[in-house]
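# A look at the structure
Now for the letters of each chain:
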Amino acid sequence: DADRVFNVARLHNGPRHVIFPEIFEENIKTFKSIFAKESICARIYLAHKPNKSKVFLKQALHNGICVDVASEEELAHALSVGFTGGNIGCTGAKNRGFLSLALFHGCLVSIDSVQELDAIIQLRGTLTDLPPTPILIRISDPQSKDRNLTMKVSRFGLSRHELPAIYEKLKKQDGIVWRGFHFHNYEPSEAKAGFTEDLLGLMEDSYKQGFSPDLIDIGGGFRTEMLENYEEWPRFIEQLASAMQNNTDTSTWRNYTYDLFLNQKGTISGRDKLQGQFAQFGYESLIKGILENEVLRGRPLKDFIKESMFSLMIEPGSSIFDQAGISLLSVVGIKKTANGENLIVVDGNIYNLSTYMVEPLMDPVLIPQTLSEQAPFEGYLVGNLCKEGDIIMKRKVFFKALPREGDILCFINTAAYSSDFEDTNAHLHPVGKKFVAFRGNESKWSLYSEDAYNPF
């Protein structure tokens, strides 16, 4: 509905981000149903960091899931919309302000280091009237029985060789309740299954130490199928690799290679890593692959989890925001470089769309103000900064018509990380503004401001 899109565009003089809470709600229901089908008790924690909007927090609260926060400010934000400490998990590196607020509210704290545990112990000795502090121990180096599967040691969490010292500290603390273990990675289901089994073994061993944890947090990294046709992605990679080998036009800005490189043998390396940017299968099959893995213990892992009366905890980021937002940028105009390349200038930049975090590789949709003659046009999307590196997409984009001043480019699936992870007002350009598109039982869309939308 082009008229409705341009009505939204008139409401703000910078990038406009449209949020679809009903799609977000469906994603939550999908995650819940996966574990319900497997009869697994699961705690779903919305990762706050991919998007700053309180709309998603309100919807998550309304749909009965928890929230994962990684800063004192995110924690305060979650508390402000109605979350209570029992439904908040705190991850990442934590300063004392963050820890103090978490302790006052009885939040679940994932311990990132021995020093962090010491800080909690010290704060509990200083602060008064604190509720019990539930904690998880984040493991930086989970292992798998399959020697072919290894995980790079993470900068987050503590090493398994530090566990004996942690256990001794915990045995002396009455107010700290150890709930379980935590790991986080972006590996396929075979690796995640191996690391989940490792944490299951650590849980079982901890009972011999006199503890009774009950939570296994397998983090996030649950990929989604983002491409309409996955086969277009490996085809693009092969065309790029071929152009590099033959020294022909790569159709990328200044021959950008997306980390492909010509090795000493004269062949292209880096294909696997680049191809892994897009998942061929969605998170439902990944989670099932973990729960139904029989290789590691002779029976499905879910059987051991249920028999031990353990609960799983997950912190989905981009996957739970899948298709829950779009971004609208106006076209400023068209220009040519000295070597004849077309540049499509948009009224937005690499910070408005966080392209350093996640480059929006999917084709944007051109929404013209007026219908014009269909004539193929190709060019590079560039932003409004006085910065050579302000290239919105490093590959050439092909349109069925010439983009004109005032037309809208709609970037799809931008709710996670793209829309506001880095948004800043460089050159005093306006930052993005969010609007909520809600349909309910009506046939027509209703538009709300962030503050006005309330799912309760």
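Look a little higher up for the structure.
Described in the following lines is the structure provided in the data block. Because the structure is predicted, anything quoted here is derived from the model rather than measured. (Residues numbered from 1 in each chain as written. Predicted model: local features only at pLDDT ≥ 70, side-chain atom pairs only at ≥ 80, totals over all residues. Heavy atoms only, no water.)

To continue, consider unusual backbone geometry. Residues other than glycine seldom take positive phi values, yet asparagine 255 does so here, at roughly 55°. Counting through the fold element by element, asparagine 255 comes out in the loop between α9 (232-246) and β9 (261-262). With phi around 70°, aspartate 259 is a residue other than glycine that occupies positive phi space. (Helix = DSSP H or I, 4+ residues; strand = E, 2+ residues; numbered from the N terminus.)

Within helix α3 (residues 54-62), burial applies to Val55, Phe56, Leu57, Lys58, Gln59 and Ala60. Looking at the buried residues of α3, the elements they touch are β1 (16-19), α2 (21-37), β2 (42-47), β3 (66-69), α4 (72-80) and β18 (433-438). For α3, the side-chain oxygen to backbone nitrogen distance between the N-cap and valine 55 is 3.1 Å, and the N-cap itself is serine 53. Looking at the residues trailing α3, positive phi occurs at glycine 64, about 75°. (Buried < 20%, exposed > 50% of the residue type's maximum accessible area, 1.4 Å probe, protein only. Contact = heavy atoms within 4.5 Å. Polar contact = N/O pair within 3.5 Å; in protein donor to acceptor, adjacent residues only side chain to side chain.)

Tallied over the entire structure, the rule returns 21 aromatic pairs. Taking 5.5 Å as the distance between ring centres and 25° as the angle between the ring planes, the aromatic pair formed by phenylalanine 24 and phenylalanine 321 counts as stacked. Taken together, the positions of phenylalanine 24 in helix α2 and phenylalanine 321 in the loop between β11 (311-314) and β12 (325-336) put the pair 297 residues apart, joining distant regions of the chain. Comparing phenylalanine 24 with phenylalanine 321, the two get one shared label, buried. For the pair phenylalanine 56 and phenylalanine 321, a centre-to-centre distance of 4.9 Å together with 85° between the ring planes defines the contact as edge-to-face. A residue pair is termed long-range when its members are at least 10 positions apart, and phenylalanine 56 in helix α3 and phenylalanine 321 in the loop between β11 and β12 qualify at 265 residues. With respect to class, phenylalanine 56 is no different from phenylalanine 321; both count as buried. Stacked on the ring of phenylalanine 304, the Lys or Arg arginine 297 has its end atom at 5.0 Å from the ring centre. (Phe/Tyr/Trp six-rings, centres within 6.5 Å; stacked < 30°, edge-to-face > 60°. Lys NZ or Arg CZ within 6 Å of the ring centre and 35° of its normal.)

Two elements in contact, α4 and helix α5 (residues 96-105), have axes whose closest approach is 8 Å; the angle formed by their N-to-C orientations is 30°. Here α4 is positioned roughly parallel relative to α5, judged by the angle of their axes. Where α4 abuts α5, its residues Glu72, Leu75, Ala76 and Leu79 lie against Gly97, Phe98, Leu101, Ala102 and His105. Of the residues assigned to the contact of α4 with α5, the class counts are six nonpolar, two polar and one charged. (Axes fitted to C-alpha atoms, helices over the stretch in contact; angles between N-to-C directions. Parallel < 35°, antiparallel > 145°, perpendicular 65-115°, else oblique. Nonpolar A, V, L, I, M, F, W, Y, C, P; charged D, E, K, R; others polar.)

Distances and angles like these do not, on their own, reveal function.
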